[in-house]
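Examining the three-dimensional arrangement
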Amino acid sequence: MTFTNSAELLSFHWVAYTIYAAMIISVIAWFGYNLTRKDAKSVFRLPFYTYMAFLVAGGVGHHIFTYNTIPWVSQDITRHDITPDASYQFEIKDHKWIGLPKKITVQCGQTIEFDARSRDLVYGFGLFRQDGSLVLQMQVNPGTDVNGILDPNDILWTFNHNGVFDLTSTEYSGPAQYTEDGEDLMLVKNFVEVVGCKDGGGKL
Amino acid sequence: MSMMKNLIDGTNFDHKSLNALQKVTLRAVVMSFLFFGLVAIEGMIMRLVVTGPANPLPPMFSHPEHYFSIMTVHPIVGIFGSTYQLVFAAFMFLVPFLTKKPLYSIKLANFVWLMITIGTALAWLAAFFWQYAPLYTLYWPLPADTTQFHAIGGVVFIVGVALIMVGTLGFIYNIYATIFARVGIHKDKTTKELLISGFGIDGMLNLVNKLRGKPPYTKEPALALPVVAIFRGTVDTFLDAIVILAAGILVLVFLLADMSGANWDVAAVDSLLYKNFFWWGLDLVADGLVLIYVAGSWYLLATLITGQKLFMENVARAALMLELLVSWMVWSHHLLADQGQPEMMKLISGEMVTAFELLTQGLALFITLVTLWKARPLKMTMELKYLLGGLVGFGLAIPAAIIQADMGMNRVLHNTQWIIMAHVHIALIVGLYMTLYSALYVLWPIVTNNTKMYSSKLSNIHFWLYLIGGIGMGAFGGMAGLDGMLRRHLYVNGEFNTLMILAAVCGTMVLVAWFVFLFNIVMSVGIKGLIGIFLPAEDPTASYGIEPEEIAENHK
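These figures come from a predicted structure and were not determined experimentally.

What counts, and where the lines are drawn
- Residues numbered from 1 in each chain as written.
- Chains lettered and ligands numbered in written order.
- Predicted model: local features only at pLDDT ≥ 70, side-chain atom pairs only at ≥ 80, totals over all residues.
- Helix = DSSP H or I, 4+ residues; strand = E, 2+ residues; numbered from the N terminus.
- Rg over C-alpha atoms; globule rule 2.2 N^0.38 Å.
- Buried ≥ 20, exposed ≤ 12 C-beta atoms within 10 Å, placed from the backbone.
- Contact = placed C-beta atoms within 7 Å.
- Nonpolar A, V, L, I, M, F, W, Y, C, P; charged D, E, K, R; others polar.
- Pairing = 2+ DSSP bridges.
- Axes fitted to C-alpha atoms, helices over the stretch in contact; angles between N-to-C directions.
- Domains from an automatic or database assignment.
- Core = buried A, V, L, I, M, F, W, Y, C linked by C-beta atoms within 7 Å.

Concerning the overall build of chain B
Assigned secondary structure in chain B consists of 17 helices and 0 strands. For chain B, the C-alpha radius of gyration of 23 Å lies close to 24 Å, the compact-globule estimate for 556 residues. Seen through its C-alpha atoms, chain B measures out along the principal axes to roughly 65 × 60 × 45 Å. Within chain B, the proportion of its 556 residues that are buried is 61%. Looking at chain B alone, contacts between residues at least 24 apart form 86% of all its contacts between residues at least 6 apart.

Written out as C-alpha cells, the structure reads:
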C-alpha cells in the first residue's frame, strides 16, 4: 500500500480517525453507563501490559506505517542526495514573491525542487488544489549564512497526478499579506500544472 | 424564592462565612469564567468571519488588522486569563486541603490573580486599541516588525504578558513554599524526603524494590499523588514562564530601540533558533503542564469520587517522573515543517519522544478508569459526568496530535485547522475544561460552605450543550483542516463555508452553555454574594480542614 498523493492520504486519515473517534466516545459512554449499574460485569479484561503494548505499538507503528506508505517521508530525509528533474529558487520580501516563474509545467512523475528564501519574515510555501486541499507545504524562515547568502528552505516533490495548483504562504506574516477586504496578496493562481498522468494517477 | 431574590441573595450563600483561602480561590474562579466568556465571544467572531460574505457581523471584523488582533489575544485570554487562573486557584486551594497545611501566603495568592487579570487585560487592550497582532507564536521577527504594528501596542502587549508571567511565578512560589513548609503532617519530614516524593522518585523506587523482591522504599509517601502532579507540573510552569519572559524581553528591547529612533537589525536573532527556544518553552504549557496537571486532577477526582486508593499508584508516581523527561524533549514536533531543522531532531524529538505522550496519557486514562470501575456502582453525579467528559476530550485530542507529529502527515496537516481544532480546542474545551468543571463540582460545597446549586437541570443543560458543542466544533474544524483550511489565514469568500457554519453552530452551543453555567452560578451565590467575594475576609484562615474521605461518602 502506497499513497501516491496527499488527497489519498487525507481521505484515508479522515475515515480512520472518524472510526477511532466514534469508538472512543462509545467506549467511554458504555463505561459511564455501566459504572452506575450494580450488576455490571466486565465484558472483557484488558491486562495492563497488553494495553501498554497496544499503546507502544500504536505510537511506533504509526511512524513505521507512514514511512512505508508515504513516499515523501524518505524523499525528504534523503533530499540532498537526490537530483531533481527541475529546480526553482525564489525569494520573498514584503509579502511579495520575487523571481517566481509565471507558471511551472510538470510532466507526470517528475521530481521538482522548490527553494524559497525569505528576506524579512517567517512565511510559508504551500500548493493547493482547486478544491482548496493541501498538496504540500513547508515553512520559509529568514536568515543568512556568514557570507550573507539567504538560507534555503527547500523541498522535493514528485507529482503523480494531473492537476492545477495554486500557491500561497501557509504561515502568518502579519496583516499586510491581505488587502483591507481580506484578499490574499500572496496567492498565485494556477502556479503549477501537472500533465501527462493517467486518470487515477501514474504515468500514461 | 422568587427569581429576583435568588438573583440578589443567591440560595444559601453567605460570603461572610468564608475564610481567606476560600475567598481568594473564588475571586480567581470568577475572573477565570469572565475571561472564558470573552474568549468564547472572540472565538465566535472568528468562526463567523470565515463563514464568508453571508456572515452577519459588521465588515470591520473581516479586516485583517481586526481579525488577526482578535486571533492574537484569543489564546492569551483563553489560556492565561481563564485556564491559568482556574488551575492556579484550584491548586492553591487543593495543596493546603490535601496536605492539611495552611497556604504559604494569602497576600501572594491575591497578587497572583490580580497580576494575571491586569496582564491579560493589558494584552487585550494592546490588540483592541493598537491592533498589535503577531499571534501567540511571536515568530521572530514579526513581533518587532514596526512597519506593520505600532511599537507602543507591542510594548503594552509585552508588559501585559510579562505581568501574567510575574503572577505565574508568584503562584509557583506559593505552591512550593506550602509544600516544603515543615508544619503539620510534614513537621518531621526533611526537604530531601519531600523532593524525592515530589518528583515521583519514591514510586519508582517502590517499583524497583518490588521487582527485586525487596520491601517497598516507602509505604506512606510524603506527598499525596495529586500533590506530586502539582509539584511536577509546576516545574514545567516555571520553565515556561522563564522562556516567555525571556522572549518578551527580547521583543521589548527591540521595540524600545525602535521608539528611541535606533534602527537595530532584527536579523541579528536567528529565526529558527528562536523558534526552537520559544517552542521548547511554549510546549511545556501544552505537553508538560496540561498533561501532568490533568493526570493529577484525574487521579484526585477518581479517588475523591470513589473514596478508594488509586489503582497502581506507584506506577502513576513513576510515570509522572518519566513525563519530566518526555515533556522537555518533544518540542520539535512543532518544527517538522521547518526544512532547516536537523532531521535527527525531527525524528527523535518530533516523532519518537512525542509518541511517548500516547503512553503517559494513556496510562493516566487507564488508571483513572480502573479506579472508577473497581468502585462501581457509583452515582452519576455532575462531577463524575464531567470527569468522563474530560477523559473523552483527551481520548480524542491526544491521538489527533500524535497523528500529526509525523513527518509524513505533517507535510499535509501543518498549520491547518486540524491541529488547532481537532487537537487544541478539543483538548482545552472538552478535555481540560470538563476536568476542571468536575473539580469545580467536587470542590463547590467545600469552597462555598455547602451552598446549594440553584438548578441541577441547568447544570445538566450546561453539560450536554458544552460536550456536544465542544466536540462538534473541534470535529468540523478538524474536517476543514483535512480539506486544506489553514489555521492562521483569513478566508473572506466562504471557501470552507459548510464546515464553518456547522462549527459556528457548535461554537454557539459552547457560548450558550457558558451563559447557562454563569446564570446558574450567579443565581446560587447572588449578586450580593458575588460582590462579597471581593470584600476582605473576616476569617484570616488560610487552610481548610474537611477530610477528603467525606467527599467520597456523597457519591455512594
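After that view of the structure, there is still more to cover.
Looking at the interface of chain A and chain B
Where interface size is quoted, it is often the accessible area lost as the parts come together. Facing 63 residues of chain A, the contacting portion of chain B comprises 60 residues. For the side of chain A that touches chain B, the leading source of residues is helix H1 (residues 6–35) of chain A, giving 14 residues. Residue classes in the side of chain A that touches chain B are distributed as 33 nonpolar, 22 polar and 8 charged.

Details of the environment of Ala90(B)
Residue and element names in this part refer to chain B. Tracing the backbone shows Ala90 in helix H3 (residues 64–99). With 25 C-beta atoms packed within 10 Å, Ala90 lands in the buried category. The spacing of Ala90 and Leu443 is 353 residues in sequence and 8.6 Å in space, taken between C-alpha atoms. The residues contacting Ala90, other than those within four sequence positions of it, are Leu436 and Ala439.

Considerations on the sheet that holds strand S1 (residues 86–93) of chain A
Residues and elements named next belong to chain A. Taken together, the 4 strands give an open sheet; going across it, the order is S2-S1-S4-S7, and neighbouring strands pair in mixed fashion. Strand pairing shows two members of the sheet lacking a second neighbour, strand S2 (96–98) and strand S7 (154–158), which therefore form its edges. Each strand of the sheet is rotated relative to its neighbour by a mean of 30°, with strand direction disregarded. In terms of strand pairing, S1 meets strand S4 (residues 111–118) through 7 bridges, oriented parallel. For Ser87, the partnering residue across the bridge sits in S4 and is Glu113.

Side note on the domain arrangement of chain A
Domain assignment breaks chain A into domain 1 (6–69) and domain 2 (84–195). The gap between the C-alpha centroids of domain 1 of chain A and domain 2 of chain A is 37 Å.

Considering the nonpolar core
Ranked by size, the top nonpolar core spans 241 residues in total, and within it Met92(B) and Tyr299(B) carry the most contacts. Both of domain 1 (6–69) and domain 2 (84–195) of chain A provide at least three residues apiece to this core. With sequence-adjacent residues up to four places away left out, Met92(B) is seen in contact with Thr25(B), Leu103(B), Ala109(B), Phe171(B), Asn174(B) and Ile175(B).

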